[in-house]
Amino acid sequence: MSDIKAVIRVENPDIVLTRTVSHDQSAKVMPVSEAGTDPDSGRFLYHVESSDFCRFEDGLRNDHTIAAFNRVIETTAERAIYSFEYTDNAKTFSPVISKADGVALEMENEGNAWLISLWMPDRDKLADIWDYAQDNSIDIELRRVNEYASLGKTTAGLTETQREALLVAFEAGYFNDPRDVTLTEVADTLDISKPAASGLLRRGIQRLIISTLVEDS
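Predicted, not measured: the structure shown is a model, and the values here were computed from it.

Conventions adopted
Residues numbered from 1 in each chain as written. Predicted model: local features only at pLDDT ≥ 70, side-chain atom pairs only at ≥ 80, totals over all residues. Heavy atoms only, no water. Axes fitted to C-alpha atoms, helices over the stretch in contact; angles between N-to-C directions. Helix = DSSP H or I, 4+ residues; strand = E, 2+ residues; numbered from the N terminus. Parallel < 35°, antiparallel > 145°, perpendicular 65-115°, else oblique. Left-handed = near helix turned anticlockwise from the far one by under 90°. Contact = heavy atoms within 4.5 Å. Phe/Tyr/Trp six-rings, centres within 6.5 Å; stacked < 30°, edge-to-face > 60°. Buried < 20%, exposed > 50% of the residue type's maximum accessible area, 1.4 Å probe, protein only. Lys NZ or Arg CZ within 6 Å of the ring centre and 35° of its normal.

Draft legend 1. Inspection of the packing of helix α5 (residues 160–172) against helix α6 (residues 183–190) at higher detail. The geometry of α5 relative to α6 is characterised by a closest axis approach of 10 Å and an angle of 125° between their N-to-C directions. It follows that α5 is oblique to α6 by the angle criterion. α5 and α6 meet at a crossing whose hand is right-handed. When α5 is examined against α6, the residues E164, A165, V168 and A169 are found in contact with a partner set consisting of V186, T189 and L190.

Draft legend 2. The packing of aromatic side chains, seen in detail. In the structure shown here, the tally under the stated rule is eight aromatic pairs. Taken together, a centroid distance of 4.4 Å and an interplanar angle of 0° make the contact between F44 and Y86 stacked. Placement of the pair is F44 in strand β3 (residues 43–49) and Y86 in strand β5 (residues 79–86), with a sequence separation of 42 residues. Judged on exposure class, the residue F44 and its partner Y86 are both buried. Consider the rings of F93 and Y132, whose centres lie 5.3 Å apart with planes at 85°: the pair is edge-to-face. Residue F93 is found in the loop between β5 and α3 (94–99), and its partner Y132 is found in helix α4 (residues 126–135); the two are separated by 39 residues along the sequence. Accessibility classification places F93 together with Y132 in one group, the buried group. Among the aromatic residues, those joined into a cluster by ring pairs are Y46, F53, F56, Y82 and F84. A cation over a ring is seen here: R179 above Y174, with NZ or CZ 4.0 Å from the ring centre.

In structure tokens, the structure reads:
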């Protein structure tokens, strides 16, 4: 059996933050993948780029997928980190990907649509993603797919510590949405500090993307 790395494009007005980025065409948003989201808080962190944060926040106030938001920190004049709480109307793909035993590697908007880079244990699991999209009237397009030997049998350019950290986090449910464990719990299992665990996971995911999606494209 071979695992796959794929990039899909999805579009639907009920996908979280779609109305906001439609209102602010300058906005680019991407989840903060290395942030240890508290499974009980329902808060989700995003990197946001915008030429006008007031306009971006006007879009948030009228977005039926967003229950609450907070500008956590403004890193530059046009970049900030926000936390969001979703409404019950919001459609998200991370839970669907997790249910199919996959991992969402990256997600960012492309105008009103969304590009999602994901890892799946085998090609057949992509059918679960397509079924969800069709059942929810979501436009979906496969942009790219690459097939590899199983992650458990190849380094994919990873160091042994990066590979161990990713597998421990995956098996514990850290990549589920909401997460089954916190970053602190992953760090405790690995017997390392929380910053060290965050760095291993972040660099490991980056290495997977570079060695698969980027280099093979």
